[in-house]
Every structure is written in C-alpha cells, then in structure tokens.
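Structural overview
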Amino acid sequence: MNAFIKKSVWFIVAVIGASAIGGIAIHRGESINALWFITAAICVYAIAYRFYSAWIAAEVLTLDETRATPAERLDNGRDFVPTNRWVVFGHHFAAIAGPGPLVGPTLAAQFGYLPGTLWILIGAVLGGCVQDIVTLFLSTRRNAKSLGQMAREELGAFGGAAALIGTFCIMVILIAVLGLVVVNAMKHSPWATSTVAATIPIAMIVGLYMRSFRPGRVLEASMLGVALLLFSVVAGGWVDHSPQLRVLFDHEGLPLAWGIIAYGFAAAILPVWLLLAPRDYLSTFMKLGTVIVLAIAIVVLSPEIKMPALTQFTDGTGPIFGGSMFPFVFITIACGAVSGFHALIASGTTPKLIANERDIRMIGYGGMLLEAFVAMMAMVAATVLEPGVFFAINSPAGVVGKEAIDAVAKISSWGFPVTVEQMEHLANEMGESTLFARTGGAPSLAVGMASIFGSAFGKSMLSLWYHFAIMFEAIFILTTLDAGTRVGRFMLQDMLGNIWPKLGKTSWYPSVLFTSALVVAGWGYFLYIGVIDPNGGVNILWPLFGIANQMLAAIALCIATGILIKSGKLRHAWVTGLPLLWLVIITTTAAWEKITSADIRVGFFAAANDMSAKLAAGLLPPEKAAVAPQLIFNQQLDAWLTLFFVMVVWVVIFDMVRVSMRYLTGKSVPLSTEVPYVATTLN
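Let me sum up the structure you'll find in this document. (Residues numbered from 1 in each chain as written. Predicted model: local features only at pLDDT ≥ 70, side-chain atom pairs only at ≥ 80, totals over all residues. Heavy atoms only, no water.)

1. Some points on the overall build of the protein chain
Along its length, the protein chain carries 27 helices and two strands. Relative to the globule expectation of 26 Å for 683 residues, the C-alpha radius of gyration of the protein chain, 24 Å, shows essentially globular dimensions. Expressed along its principal axes, the backbone C-alpha trace of the protein chain runs to roughly 70 × 65 × 55 Å. Taken across its 683 residues, the protein chain has 59% of its residues classed as buried. (Helix = DSSP H or I, 4+ residues; strand = E, 2+ residues; numbered from the N terminus. Rg over C-alpha atoms; globule rule 2.2 N^0.38 Å. Buried < 20%, exposed > 50% of the residue type's maximum accessible area, 1.4 Å probe, protein only.)

2. What about the nonpolar core?
Among the nonpolar cores identified, the biggest contains 204 residues, and Tyr45, Tyr365 and Trp523 are the most heavily contacted of them. Tallying contributions element by element places helix H8 (residues 157-186) first for this core, with 19 residues. Setting aside residues up to four positions removed in sequence, Trp523 forms contacts with Val172, Ile175, Ala176, Ile260, Ile261, Gly264, Leu481 and Thr485. Counting residues in hydrophobic clusters, the runner-up holds eight residues, among them Val233, Met286, Phe468 and Met471. (Core = buried A, V, L, I, M, F, W, Y, C linked by side-chain atoms within 4.5 Å. Contact = heavy atoms within 4.5 Å.)

3. Description of unusual backbone geometry
A cis geometry characterises the amide bond from Phe326 onward to Pro327, with omega recorded as 10°. Relative to the helices and strands, Pro327 resides in helix H14 (residues 325-333). In this structure, Ala144 is a non-glycine residue whose phi angle is positive, near 60°. Relative to the elements of secondary structure, Ala144 occurs in the loop between helix H6 (113-140) and helix H7 (147-154).

4. Quick word on the pattern of salt bridges
Under the definition given, this model contains 12 salt bridges. Glu357 serves as the salt-bridge partner of Arg67, at 3.9 Å between the closest nitrogen and oxygen. Of the two residues, Arg67 sits in the loop between helix H2 (35-60) and helix H3 (70-73) while Glu357 sits in the loop between helix H15 (340-346) and helix H16 (359-383), which places them 290 residues apart along the sequence. The exposure classification of Arg67 matches that of Glu357, with both residues buried. Residues Glu154 and Arg142 are paired through a salt bridge, measuring 2.8 Å at the closest nitrogen-oxygen approach. One end of the pair, Glu154, is in helix H7; the other, Arg142, is in the loop between H6 and H7, with 12 residues separating them in the sequence. Of the two residues, Glu154 and Arg142, both sit in the buried class. (Salt bridge = Lys/Arg side-chain N within 4 Å of Asp/Glu carboxyl O.)

5. Overview of the environment of Leu35
On the secondary structure map, Leu35 appears in helix H2. Separated by 260 residues in the primary sequence, Leu35 and Ala295 place their C-alpha atoms 9.5 Å from one another. Residue contacts for Leu35: discarding those within four places in its chain leaves Ile298, Val299 and Ser302.

6. Re H6
Between its terminal C-alpha atoms H6 stretches 38 Å, which fits the 40 Å expected from 28 residues at 1.5 Å a residue. The principal kink in H6, of about 60°, is found at Ala124. The buried count for H6 comes to 25 of 28 residues, which makes it a mostly enclosed element. (Expected span 1.5 Å × (residues − 1). Bend = angle between axes of the 7 residues up to and from the residue.)

7. Brief notes about the environment of Thr349
Along the chain, Thr349 falls in the loop between H15 and H16. On the basis of relative accessible area, Thr349 is assigned to the partly exposed category, the value being 27%. Here the alpha-carbon distance between Thr349 and Ala382, two residues 33 residues apart in the chain, equals 33 Å.

8. Looking at the packing of aromatic side chains
This structure, assessed with the given rule, holds 24 aromatic pairs. Note on Phe326 and Phe330: the rings are 6.1 Å apart at their centroids and 75° apart in plane angle, and the pair reads as edge-to-face. Remark: Phe330 and Phe326 occur in helix H14; sequence separation between them is four residues, near one turn of the helix. Taking relative accessible area as the criterion, Phe330 reaches 14% and is therefore assigned buried. Cation over ring: Arg361 sits above Tyr49, and NZ or CZ is 4.3 Å from the ring centre. Positioned above the aromatic ring of Phe604 is the side chain of Lys594, whose terminal nitrogen or guanidinium carbon lies 4.5 Å from the ring centre. (Phe/Tyr/Trp six-rings, centres within 6.5 Å; stacked < 30°, edge-to-face > 60°. Lys NZ or Arg CZ within 6 Å of the ring centre and 35° of its normal.)

9. Here we look at the packing of helix H1 (residues 2-26) against H2
Close contact between H1 and H2 brings their axes to 8 Å; oriented N to C, the two are set at 135°. For the element pair H1 / H2, the angle class is oblique. As H1 packs across H2, the resulting crossing turns out to be left-handed. Mapping the contact onto sequence places Trp10, Val13, Ala14, Ile16, Gly17, Ser19, Ala20, Ile21, Gly23 and Ile24 in H1 and Trp36, Phe37, Thr39, Ala40, Cys43, Val44, Ala46, Ile47, Arg50 and Phe51 in H2. For the contact of H1 with H2, a count of residues per class yields 15 nonpolar, four polar and one charged. (Axes fitted to C-alpha atoms, helices over the stretch in contact; angles between N-to-C directions. Parallel < 35°, antiparallel > 145°, perpendicular 65-115°, else oblique. Left-handed = near helix turned anticlockwise from the far one by under 90°. Nonpolar A, V, L, I, M, F, W, Y, C, P; charged D, E, K, R; others polar.)

In short, the description is geometric, and any link to function would need to be established separately.
Below is the structure:
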C-alpha cells in the first residue's frame, strides 16, 4: 500500500511538472504567471533528484558507504577533515554559487523568457548536475585530486597538460567577469559600494570571533554576522544621504576595479579562517535565506511575467550582447544550467571534506539543482520587469545613446515603451541617481527582486530592498571570486612546481605571494579592459566567459567519460557522453562565430578591424578614440584566447577518444589511479 501511495504521489508530481512546462512552452499572447515557473522547477528537480540521481549513484558510480573517503584516510585536521554532510553542502554551495545563476538568466532574458527557462530546466538535470556528481565521485575515489591531475594521470601527459593549462587560463577569464559584475553594480552608487565594502570587515570580525574571541560559539558568531550584514544595508542608506560620507563611496568603474583587485590579492594570501571561511559561512545563510524568501514572495504575490516568450532579438540583433539564440542562449545562461567552474570545486576541494560516499549524491547533484533553482528565481525576477525598463537598465550607452531621451526613444522603437519620467521615478524609488545603462545584469536583477519583495512585504522600503539585493548578489559573487583566486593560485603553484619544486609548496610564503600576484594580475587585466569598454564590458567579456565556462565543463565531462570507459562502464558512458557532445557542439559553434563572424557585434576580429578603420578615419569621438588602441588589442586577444580554448578542448577530446579506443581494443592504457578499497571506521 505504501509503495502504491509513493508511486501515486510521484505520478502526480510528474503530471503537474509536465503541465507547468507545457504551459510555459505553448503560452503566447497574454502574460503568464510566475507560479508556472516555480512549479515546473520544483517538480522537475524533485523527480530528477529522486530517480535520475539515484540511478546514477547506484548503477553508474556504485557509491559505497562502507568505503573510507580521503577525508577519513588522510585526515590531518587541516585540509582533509571528515565533515558533517550539511556543513559540506553549505560550503560546496557557497563556493559554486557565483554570479552565473544570477546574471546569466537575466542577460538571456534578451531573447525572451522561454529559451532560457527551458535550458535551466533541461540542462541542469542532464548536464550540470551530472558533471558535478561524477566529478565529485571520481576525485573522491582518487584522493581528492584536481581535474588537471586526473586528466594527466588517466588520459596521458599530452591531454593532461592541455587540460591543466586550459583550465587555468579559463579560470582567469571567469574571475575577471565576476569582478566586472560587481564593479558595474557599485559604479556611482555610494549605497551599494559602502554596503559591499562593509561585508569584508564583517567577515573578518566573524572569523576572529570564532577563532579568538569566543571559540566554538558558532551560533553567536552566526547571529552577529547576519545582524551586521543587515545593518550594513541600513547604514548604506545613511551613507548615501550624508554629503560628507557619500563622496567617499561615489566612484567611477576604474577605482572600484582597483579595489576589487586589491581585495582578490588579500583574499588569496590571508589565512582561510580570517576571510574566506567566515565569508563562505555567512554567504550560505544569506544565499539560502534570500532564495527561500524570494520563492515565498513569488508564491504569495504571484506576479505576472511581462517579458514576451520570444523577442525579436533571437536573430542576434539584441542590444545587450550580439549573437543569435543558438548557440548564445546556452553560452549566456552558463552556470544556471552547466558550469565548468563547479568541476574545480568538486575536484580537489570538496572531496577533502566528505565523510561518506553516500553524501556525494546530495552534495554533487543536489547542490547543482539548488543553483539551478536560484537561476529560475533570477529569470523570474528579471522578466517581471516591464521590458522597456529591463532594456533601459541593461542596454549600454554605446548602443542606445548617452542621453536619457535618446535611450528611451531607441528602446521604445523596438516595441518596448518606456519614458524618462518612468526611469527617473524608478531610480528614485531604488535610492539611485540613475538606472540607465547599468549593464552587467546585477542592477536589473536587484530591481526585479526589490519589486517582488516590495509588493509582497511593503513598497515603502523599495530602496532598502534594492540595496539588500545588491548586497546579496555581491556576496554571491565575491565568495566565488576569492575562492576562485585561491584555487587559481593552487593550480599555478602545481604547474610551476614542475619547473622549481619549491614554488609548488603551498605553505612557502614567497611562493604564495608570487603566484597570487600572477593570478590576480591575469584576471585584473581582463577586468580592466571590461571597465574601460564604452559598452560596459558585458558585450566583450560575457560571451568569452560563457564559452570558457562551458568549455571547462566539456573538459570535465570528457575526462569523466574516458574514466568511465576505462572502468569497464561503456554502456553507461552516455550519461556523461551526451551532455559532452552537446557542449562541444554549442561551444565550438559559438567560438567559430566569435572568431569568424563579419558582424562587428559578434566577431572579435570584425569588431577590432571596424574600430581600427574608424580610428584611422578620425570617426571616433575623443573619449572613445583615447581607449581605442587598447580596445582593438583586447578584441584581438579575446579572439586568440577563444581559438586557444577550442584547441585545448579538442586536444583533450582526441586524447580521451585515443585512450578509450586503445582500451576497447585491448591495448595498454594509463592505469587507473583509483585508490584501493579501505573499509570505513566512521559510523
């Protein structure tokens, strides 16, 4: 009887989920309620976790809860520490949940709500979650080795070296875009800047409190940290209304970029307990709490989605970024469905904390499902805005014009009416001087979240809700930025250690300073070029970010597919092989377009050549002519980087195919580095 009831419940969930997806897919004309999106996400993700992840864990990976994990066998009280599954889940989610699930869906709304929503549902279940759980499992079975190390040992030196170098270069691009999103959110916003700045000393206070002032008092430290974060939002309003304090936090993008660069360097060299650990810990509370409250607010308010299912910009003429719906909707959504960055956290970091293999399913597959749910919340928050408002916030001045009257005229001509008075009123409600051309996705997402919170819990505090959302987004982003910088430093030390062994010692402080400086200088340069770009940097960097991120996911799935085949699981290799095939298709297509397209809004070389011609003919305005040589070089550099990333991916693919074919034909292949079975002694 119980089995019948369970089957009936899951059948009902499946019917409700299918109905919700069908409603989203076929609905046209009148606006659709946001509850359809929440219902579809909850039902699809619940079914995927209950059935698909359970099958992968039992049949494909054969998780063994009697087997000792690296955290138990190599426990040293510092790096390898058996940790409670919920604590590990919180740490893992805090590390993987960066700007992608927030910004990607917001920018992808340029195409309408339908393409991005369907990819967030399908891509996460079949691609992103699969990558995360399989990578986490493989690393756990191999003493928590990094993705590059596994590639080198399981596939061979050539493919492994390509994967290691490519992964590091991709990491540099990813971190740069994280910084750009924060800079664009804080630019000329004293309230936002002061609030984000306050989160750094707050994290350090919590770290000192738990380590020195009141050791072991975790609950006290948590309450103190959350209270200070909320107070920082309120205090930001005081700063904004104080003529003396306001000028201290009212900056152009470049000074803010230097501040982010300095923060990244400090985060990489300071002890983990002082900044990274407490920031991750606090961010978990804020991230999960805000997402839950946002979901409740959407259910209570039941807002209408105002963005059409498909816009005219599916042909590639969109103002936010160039490129047609295929393949760029997948590239833009990025982390909301599949994120290569997760593979870096799921290998070498999280495996050092897992106390039992049974936790891999919840942390790997479940953690990515939660991030996909965040992406769905972001899609809703972006599309409940009036389309004219959405495009006014996200369209760069270089596209719609610097003057407000020109911008609204341009946007209204697209069929999305908006007025100067409407935007001024909205900016006033949000406590900002202007919301025009606030590119990067974060400001428009914050406006959407504030509108939902305000309608559900009180419109009188819209400015407070807006800057709370900015702080929430900044915490999402900065936790990934500082963790990414540290991971990048470890990767660089690993590579340089092959040249000079002492540089490979993570505890040698000169090596820490040197490699941290190199990593920060790398992503700091790309942050700089994004900030000086007259179009806001998003058009030039986000496609490169998306392509790099998805290529990193392809590398991870390629390594996983090769190991599965070598392990005698050819009949199950489709689990990673199919998402790998799809990612290779979309990333190669996107890269080809970014390199060869004659459209200056799409092709890197085309944009560089066009700007060179205009500069030579004296057709550029003085302010743009001053930075034109740098922008031309940057466009060309992006093109060559894209080509390099494509080559790296295909080198890894060919190496994986070579090793797999040798195994299947009975020839010698690199031996498996999976550690022998050791029974666990933990309960």
